[in-house]
Amino acid sequence: TLYNVKRWGSVAPNLVLEELDVPYQNLWLTPEQVREPAFRELSPLGLIPALRLDDGRAVFESAAIVAFLTDAHQDHGLAPRPGTADHAMYLAWLAFMSSNLYWTLNLTFHPEPFADGKRAASALKAKAVERSNAIFDIIEGRLEAEGPWLLGEEFSAADLYLFMMAIWAKPSEAALHDRCPWIGALVTRVRERPRLGASIEAHGISKVGCAA
């Protein structure tokens, strides 16, 4: 069971599940439901996403869920075979995005808990936008040198994770596409994948340049 909130950190796991075409229950939550104490039994910080397993335990953290799903369904080809050098690079890019870009983009939306007052929050948000764009530029360079996908010629779940990062970009996804055309081309190809259209629409993720 995937605990899902529109446009939140469950986007990538949701798209991975759709690409894998494996049975799962998609449980849509509101932000208010996520903040209820019961959800912390699944996710220690009360954060989306969480993936409840058949034995009742829950996997939390988006990158961990993505890696678990692709390892559990190796025959679907959404990641290199575990134990190989290619798989190490897959994990490295997942961790890079989740540890650096995800956190920084979160600050562009919610700097207030980490700042003392509105002026400090505004300054922190500006720094976070600058930092997130610098990280996107690193990924752009990777794609230009090694693309068209993050792992080269092979599409993987890491590209779905990058898609999720891109829709959160500041000042906008469209601005990211203009500045980073390799990322823009990758994100466009993800949008065009046949299995993903309904889920992308369900999350309210618009086409670039259109209102959500």
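All figures in this text were calculated on a predicted structure; none of them were measured in a lab.

## A few points about the overall build of the protein chain
Step number 1: When helices and strands are tallied, the protein chain shows nine helices and four strands.
Step number 2: Counting helices and strands in the order they occur from the N terminus, the protein chain gives β-α-β-α-β-β-α-α-α-α-α-α-α.
Step number 3: The C-alpha atoms of the protein chain give a radius of gyration of 17 Å, which matches the 17 Å a tight globule of 212 residues would have.
Step number 4: Along the three orthogonal principal directions, the C-alpha set of the protein chain runs to about 50 × 45 × 35 Å.
Step number 5: The buried share of the protein chain, reckoned over its 212 residues, is 45%.
Step number 6: Taking as baseline every contact in the protein chain between residues at least 6 positions apart, the subset at least 24 positions apart corresponds to 64%.
Step number 7: Surface accessibility of the protein chain: about 10800 Å² in total, with carbon and sulfur atoms responsible for 54%.
Step number 8: Of the charged side chains in the protein chain, 20 are positive and 26 negative; the average position of the first set lies 7 Å away from that of the second.

## Details of helix α8 (residues 181-191)
Step number 1: Every buried residue of α8 is accounted for by Ile183, Gly184, Leu186, Val187, Val190 and Arg191. One face of α8 carries all of its buried residues, which in axial projection span an arc of 165°.
Step number 2: Where α8 is buried, its residues contact α5 (118-146), α6 (157-167), α7 (173-179) and α9 (197-202).

## Concerning the packing of aromatic side chains
Step number 1: Under the counting rule described, the total for this entry stands at five aromatic pairs.
Step number 2: Judged by centre distance (5.1 Å) and plane angle (80°), the ring pair of Tyr102 and Trp168 falls under edge-to-face. Residue Tyr102 is found in helix α4 (residues 85-109), and its partner Trp168 is found in the loop between α6 and α7; the two are separated by 66 residues along the sequence. Like Tyr102, the residue Trp168 is buried in the burial classification.
Step number 3: Ring centres of Trp103 and Phe114 lie 5.1 Å apart, and the angle between their planes is 80°; this geometry places the pair in the edge-to-face category. Here Trp103 is found in helix α4, whereas its partner Phe114 is found in the loop between α4 and α5, with eleven residues between them in sequence.
Step number 4: Taking the relative accessible area as the measure of exposure, Trp103 reaches 42% and is therefore partly exposed.
Step number 5: Cation over ring: Arg189 sits above Trp149, and NZ or CZ is 4.4 Å from the ring centre.

## Description of the layout of surface pockets
Step number 1: By volume, the largest pocket amounts to about 930 Å³.
Step number 2: Forming the walls of the largest pocket are 26 residues, and the residues nearest its centre are Trp8, Leu47, Tyr102, Asn106 and His110.
Step number 3: Per-element tally for the lining of the largest pocket: the top contributor is α4, with six residues.
Step number 4: Class assignment for the residues of the lining of the largest pocket results in 14 nonpolar, seven polar and five charged.

## Regarding unusual backbone geometry
Step number 1: Cis geometry is adopted by the peptide bond preceding Pro49, which originates at Ile48 and carries an omega value of 10°.
Step number 2: Residue placement: Pro49 occurs in the loop between α2 (31-34) and β3 (50-52).
Step number 3: A cis amide bond, omega 20°, links Gly147 with the succeeding residue Pro148.
Step number 4: Phi is positive for Asp21, close to 55°, though the residue is something other than glycine.
Step number 5: Looking at the secondary structure, you find Asp21 in the loop between α1 (11-20) and β2 (26-28).
Step number 6: Even without being a glycine, Glu61 presents a positive backbone phi close to 75°.

Rules used in this analysis
Residues numbered from 1 in each chain as written. Predicted model: local features only at pLDDT ≥ 70, side-chain atom pairs only at ≥ 80, totals over all residues. Heavy atoms only, no water. Helix = DSSP H or I, 4+ residues; strand = E, 2+ residues; numbered from the N terminus. Rg over C-alpha atoms; globule rule 2.2 N^0.38 Å. Buried < 20%, exposed > 50% of the residue type's maximum accessible area, 1.4 Å probe, protein only. Contact = heavy atoms within 4.5 Å. Areas by Shrake-Rupley, 256 points an atom, 1.4 Å probe, with all protein chains shown as cover. Lys, Arg positive; Asp, Glu negative; His and termini not counted. Charge placed at Lys NZ, Arg CZ, Asp CG, Glu CD. Arc of directions from axis to C-beta. Phe/Tyr/Trp six-rings, centres within 6.5 Å; stacked < 30°, edge-to-face > 60°. Lys NZ or Arg CZ within 6 Å of the ring centre and 35° of its normal. 1 Å grid on protein atoms, 1.4 Å probe; cavity = no way out; pocket = protein on both sides within 12 Å on 5 of 7 lines; lining within 4 Å. Points joined across faces, edges and corners; volume = space filled by probe spheres on them. Nonpolar A, V, L, I, M, F, W, Y, C, P; charged D, E, K, R; others polar.

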